[in-house]
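Here is what each chain is made of, one letter per residue.
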Amino acid sequence: FTASRNKSRSRVPVDARNITTDLSQQVRKTIARRLVIDSITSLVPPDMTRAEAHDYLRSLILALEDNFGCTVLITARTSTGDPQAIGEAAEYLASGILELQVRKSGFGIERLLFIKKMRGTAVDPRECRFRIEQGVGVRLADRPSAPISSA
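Residues numbered from 1 in each chain as written. Predicted model: local features only at pLDDT ≥ 70, side-chain atom pairs only at ≥ 80, totals over all residues. Heavy atoms only, no water.

A short note on the overall build of the protein chain
We count it as follows: The secondary structure listing takes helices from DSSP runs of H or I that are at least 4 residues long and strands from runs of E that are at least 2 residues long, numbered from the N terminus. Here a residue-residue contact requires only that any non-hydrogen atoms of the pair lie within 4.5 Å.
Along the backbone of the protein chain there are 4 helices and 6 strands. Partitioning the contacts of the protein chain with sequence separation of at least 6, the portion at a separation of at least 24 is 44%.

If you want it as structure tokens, here you go:
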């Protein structure tokens, strides 16, 4: 989307519905069960104001939720230096938020997962260590028998 947007440097606004339609066609064509958008910032034109970016993201995320028969995972980096506050807007609009961290500890490097928000679901309000295992995917370290996704 970035490449096609950069070819035409016109002031024609990017329409969230067009992007959603293009993504929807790809999902149907590939019979996708999951769609990952890494990162949502790549779909937001850099010349949008903060208010325009928030309206655009609202349209995009609502359209993705309404038009896909698959799980949609969106990554976003939260940053205080982001003038459009894309990460902040994505957090507000998303149905669920998983925060991932890598932290040094007395045991070396540990990966942490925190479920910050999950609409309609009771969640355990604590950080969980996790590991990534070949052939399994992500596995919570505190609960060895509970993979949370398949590779």
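Digging into the nonpolar core
Condition: We call a set of buried residues a nonpolar core when its members are Ala, Val, Leu, Ile, Met, Phe, Trp, Tyr or Cys and they connect through side-chain atoms within 4.5 Å of each other. Only protein chains enter the accessibility calculation, which uses a 1.4 Å probe. A residue is then buried if its area is under 20% of the maximum for its type, exposed if over 50%, and partly exposed in between.
Counting 21 residues, the largest nonpolar core has Y56 and L60 as its most contacted members. Contributions of two or more residues to this core are made by α2 (16-30), β1 (34-37), α3 (50-67) and α4 (86-93). Ranked by the residues each element gives to this core, the list is headed by α3, at 6 residues. The next biggest cluster of nonpolar side chains, apart from the first, holds 5 residues, and it includes C128, F130, V138 and L140.

A closer look at the pattern of salt bridges
Spelled out, the test is: We count a salt bridge whenever a side-chain nitrogen from Lys or Arg sits within 4 Å of a carboxyl oxygen from Asp or Glu.
Overall, the coordinates contain 9 salt bridges when judged by the stated rule. Among the salt bridges present, the one from R126 reaches D124, with a minimum N-O distance of 2.6 Å. Residue R126 is classed as partly exposed on the basis of its relative accessible area, which comes to 32%. Through salt bridges that share partners, E91, E99 and K116 make up one connected network.

Comments concerning the packing of α2 against α3
Note the following rule: An axis is simply a line fitted to the C-alpha atoms; with a helix, the fit covers only the stretch in contact. Between two such axes, the angle follows the N-to-C directions and lies from 0 to 180 degrees. If an angle is under 35 degrees, it is roughly parallel; if it is over 145, roughly antiparallel; if it lies from 65 to 115, roughly perpendicular; otherwise it is oblique. Each crossing gets its hand from how the near helix is turned against the far one by less than a right angle, where anticlockwise is left-handed and clockwise is right-handed. As a working rule, the residues Ala, Val, Leu, Ile, Met, Phe, Trp, Tyr, Cys and Pro are called nonpolar, Asp, Glu, Lys and Arg charged, and the rest polar, with Gly in that last group.
Where α2 meets α3, the closest approach of the two axes is 9 Å, and the angle between their N-to-C directions is 30 degrees. Overall, the two elements α2 and α3 adopt an arrangement that is roughly parallel. Here the hand of the crossing between α2 and α3 comes out right-handed. On the side of α2, the interface is formed by A16, I19, T20, L23 and S24, while α3 contributes Y56, S59, L60, A63, L64 and N67. The class makeup of the residues in the contact of α2 with α3 is 7 nonpolar, 4 polar and no charged.

Side note on the side chain of Q84
Rules: Polar contact criterion, stated in full: a pair of N or O atoms within 3.5 Å, where within protein one must be able to donate a hydrogen and the other to accept it, and residues adjacent in sequence count only if both atoms are side-chain atoms.
Position of Q84 among the secondary structure elements: in the loop between β2 (71-74) and α4. At 2.9 Å, the side chain of Q84 and the backbone oxygen of M48 are in polar contact. Those residues in contact with Q84 that lie beyond four places of it in its chain are V44, P45, P46, M48, R50, A53 and H54.

Examining the sheet that holds strand β5 (residues 128-133)
The condition is simple: By definition, two strands form a pair when at least two bridges between them are found by DSSP.
Read from one edge to the other, the open sheet built from 4 strands follows the order β3-β4-β5-β6, with strand pairing classed as antiparallel. Only two strands of the sheet have a single neighbouring strand rather than two, namely β3 (96-105) and β6 (137-140). Neighbouring strand axes in the sheet, compared pairwise and without regard to direction, differ in orientation by 40 degrees on average. As defined by bridge partners, strand β4 (residues 108-118) adjoins β5 across 3 bridges and the pair is classed as antiparallel. If you follow R111 over to β5, its bridge partner there is F130.

Things to note about unusual backbone geometry
With an omega dihedral of 5 degrees, the bond running from D38 to S39 counts as a cis peptide bond. On the secondary structure map, S39 appears in the loop between β1 and α3. The backbone phi angle of I31 is positive, close to 55 degrees, even though this residue is not glycine. Position of I31 relative to the elements: it lies in the loop between α2 and β1. The exposure class assigned to I31 is exposed, which follows from its relative accessible area of 71%.

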